[in-house]
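Chain by chain, the residues run as shown.
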Amino acid sequence: MFRENPIYNMCIDSCRNGNMTLSNMIELGAKWMKKSKLHHHFFKDRSFFTIAQSLALHAIGLEHATDDNPELLTRKISENEAKKMLGLFEKRIVHRLPVEYLTNQAYYLGNKFYVNENVLVPRSIMNTRFEDFLNEIEWENYRVLDLCTGSGCIGISLALLHPKIQVDLVDISTGALEVAQININRHGLNDRVKCIESDLFANVHNQYDLIITNPPYVSTREYNMSPEEFKREPKIALESGKDGLDIIHQILAQAKNYLNPQGKLIAEIGFTAAQRVKKKYRKVPFKWYKYRRPSGHESFFGMHGVFECPAKGLPE
Ligand SMILES: C[S@@+](CC[C@H](N)C(=O)[O-])C[C@H]1O[C@@H](n2cnc3c(N)ncnc32)[C@H](O)[C@@H]1O
């Protein structure tokens, strides 16, 4: 589609004549993204320049931002390199693919993860609260289950924070677990982190001190109304029945059987689902967490529902 745009041919001609720099290519990509009203896909703080920059650098086998190397911006771009960059811009703009699927990488809690279309792009806000959840823990022989693990970003980040814990990663999707296994290998965690393919607890045979989960919690209606970027992610990672609670109900009903008596369940279930869960499970002693901005301030704005519940308080 881009090929039919006169600017595409002008750009290729300029490259042939040695007149196009990396900076020109990034600006072109950013301008097109702005014009096509791309959805930010949760990462509102990321400018179109940053996205175009990631894609342009990826096309030439580089990764890091140009801030530490401003001279890189003046690097001349060849015709082939430009075609690769324009191909990536097109996939982001026309096909609405999240940038992480195009570069096959995402950062979570400062750790780098391999990602592809089989997993949700890591963005769970639970990491802003890891310290609150985990400060009282005796880490020796501590067992964690990251249920609905996707890329493994949550369980692996916990294992990286705490060198003594054992973590099991569960997902129903074979494709997601292949990604999680790549991330376990890349972080050198094969001795402490294991994958289990399972429909929730069906193939789980251990007791845990902590079950942590960011399950699918979007209602069918919300899913249908969501921007295209979200529809490029696996539906099974997002949608969970008419009111978004199908999976959450099952987790709440079964988690107690897989927790030690002193253990706890921590889950991110989104703001809307949280309102429904609060009404439905009035007797369950949930402790709700607000989203904490990087500045340290708590905020209800854009808040997701994250709760903690002791094993003893969970339904039988
Ligand atoms: C919202 S994504 C979360 C992924 C990851 N934990 C994260 O925070 O980026 C939910 C994950 O749950 C998995 N899932 C959906 N239904 C499941 C089920 N019945 N049993 C196990 N995993 C399931 C999906 O495959 C998807 O990877």
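Being a predicted model, the structure only gives us computed values, none of them experimental.

**Quick word on the site of the ligand**
Okay, step 1: Surveying the vicinity of the ligand reveals 20 residues, the closest of which are Cys148, Asp171, Asp199, Leu200 and Asn214.
Okay, step 2: Here an oxygen atom of the ligand and a side-chain polar atom of Asn214 are 2.8 Å apart.
Okay, step 3: Protein contact buries 97% of the 600 Å² of open area that the ligand shows by itself.
Okay, step 4: Contributions of two or more residues to the shell around the ligand are made by helix 7 (153-161) and helix 11 (235-238).
Okay, step 5: A class-by-class count of the residues in the shell around the ligand yields twelve nonpolar, six polar and two charged.

**Here we look at the pattern of salt bridges**
Okay, step 1: Scanning the model with the defined rule gives eleven salt bridges in all.
Okay, step 2: Among the salt bridges present, the one from Arg123 reaches Glu233, with a minimum N-O distance of 2.8 Å. Of this pair, Arg123 sits in the loop between strand 2 (111-114) and helix 6 (130-134) while Glu233 sits in the loop between helix 10 (228-231) and helix 11, and the two are 110 residues apart along the sequence.

**Topic: the sheet that holds strand 6 (residues 208-213)**
Pairing between the strands of a sheet comes from backbone hydrogen bonds, and it takes one of two forms, parallel or antiparallel.
Okay, step 1: Read across the sheet, seven strands follow the order 5-4-3-6-7-11-8 without closing on themselves; strand pairing throughout is mixed. Two strands lie at the open edges of the sheet, namely strand 5 (193-197) and strand 8 (287-289), each paired on one side alone. Within the sheet, the average angular offset between the axes of one strand and its neighbour, ignoring direction, is 20°.
Okay, step 2: Direction of pairing for strand 3 (residues 143-147) relative to strand 4 (residues 166-171): parallel, over a ladder of five bridges.

**What about the pairing of strand 6?**
Okay, step 1: Of all six residues making up strand 6, six are buried, and the element is well covered by its neighbours.
Okay, step 2: As judged from the four bridges shared by strand 3 and strand 6, these two strands associate in the parallel manner. Across the sheet, the residue bridging to Val144 is Leu210, located in strand 6.
Okay, step 3: Direction of pairing for strand 6 relative to strand 7 (residues 259-268): parallel, over a ladder of five bridges. Considered in strand 7, the bridge of Ile212 is made with Ile266.

**A few points about the domain arrangement of the protein chain**
Okay, step 1: Under the domain assignment, the protein chain is made up of domain 1 (2-103) and domain 2 (109-313).
Okay, step 2: The C-alpha-based centres of domain 1 and domain 2 are spaced at 34 Å.
Okay, step 3: Between domain 1 and domain 2, the residue contacts involve 13 residues of the former and 17 residues of the latter.
Okay, step 4: At the boundary of domain 1 with domain 2, total buried surface from both sides reaches about 1300 Å², with 67% on carbon and sulfur atoms.
Okay, step 5: At the junction of domain 1 and domain 2, the tally comes to two salt bridges.
Okay, step 6: With a closest N to O distance of 3.1 Å, Glu229 and Arg92 form a salt bridge.
Okay, step 7: Scanning the region where domain 1 abuts domain 2 turns up five residue pairs in polar contact (both at pLDDT 80 or more).
Okay, step 8: Here the side of domain 1 that touches domain 2 is built from residues that sort into six nonpolar, three polar and four charged.

**Quick notes on the packing of helix 1 (residues 6-16) against helix 4 (residues 79-93)**
Okay, step 1: Helix 4 packs onto helix 1 with a crossing angle of 150° between their chain directions and a minimal axis gap of 8 Å. Comparing the axis directions of helix 1 and helix 4 gives the class roughly antiparallel. Helix 1 and helix 4 meet at a crossing whose hand is right-handed. In this structure, helix 1 uses Tyr8, Cys11, Ile12, Cys15 and Arg16 to contact helix 4, whose residues at the interface are Glu79, Ala82, Lys83 and Leu86.
Okay, step 2: Residue composition of the contact of helix 1 with helix 4, grouped by class: six nonpolar, no polar and three charged.

**Observations concerning the nonpolar core**
Okay, step 1: Of all hydrophobic cores here, the largest spans 36 residues; its most connected members are Phe201, Ile211, Leu252, Leu265 and Ile269.
Okay, step 2: For this core, the elements supplying multiple residues, two or more each, are strand 3, strand 6, helix 12 (246-254), strand 7, helix 13 (271-280) and strand 11 (306-310).
Okay, step 3: Ranked by residues supplied to this core, first place goes to helix 12 with four residues.
Okay, step 4: Setting aside chain neighbours within four positions, we find Leu252 in contact with Leu265, Val277, Tyr281, Phe286, Phe307, Leu314 and Pro315.
Okay, step 5: Counting residues in hydrophobic clusters, the runner-up holds 35 residues, among them Ile12, Leu22, Ala56 and Ala82.

Parameters at a glance
Residues numbered from 1 in each chain as written. Predicted model: local features only at pLDDT ≥ 70, side-chain atom pairs only at ≥ 80, totals over all residues. Heavy atoms only, no water. Near = heavy atom within 4 Å. Polar contact = N/O pair within 3.5 Å; in protein donor to acceptor, adjacent residues only side chain to side chain. Areas by Shrake-Rupley, 256 points an atom, 1.4 Å probe, with all protein chains shown as cover. Helix = DSSP H or I, 4+ residues; strand = E, 2+ residues; numbered from the N terminus. Nonpolar A, V, L, I, M, F, W, Y, C, P; charged D, E, K, R; others polar. Salt bridge = Lys/Arg side-chain N within 4 Å of Asp/Glu carboxyl O. Pairing = 2+ DSSP bridges. Axes fitted to C-alpha atoms, helices over the stretch in contact; angles between N-to-C directions. Buried < 20%, exposed > 50% of the residue type's maximum accessible area, 1.4 Å probe, protein only. Domains from an automatic or database assignment. Contact = heavy atoms within 4.5 Å. Buried area = accessible area lost by both parts, 1.4 Å probe. Parallel < 35°, antiparallel > 145°, perpendicular 65-115°, else oblique. Left-handed = near helix turned anticlockwise from the far one by under 90°. Core = buried A, V, L, I, M, F, W, Y, C linked by side-chain atoms within 4.5 Å.

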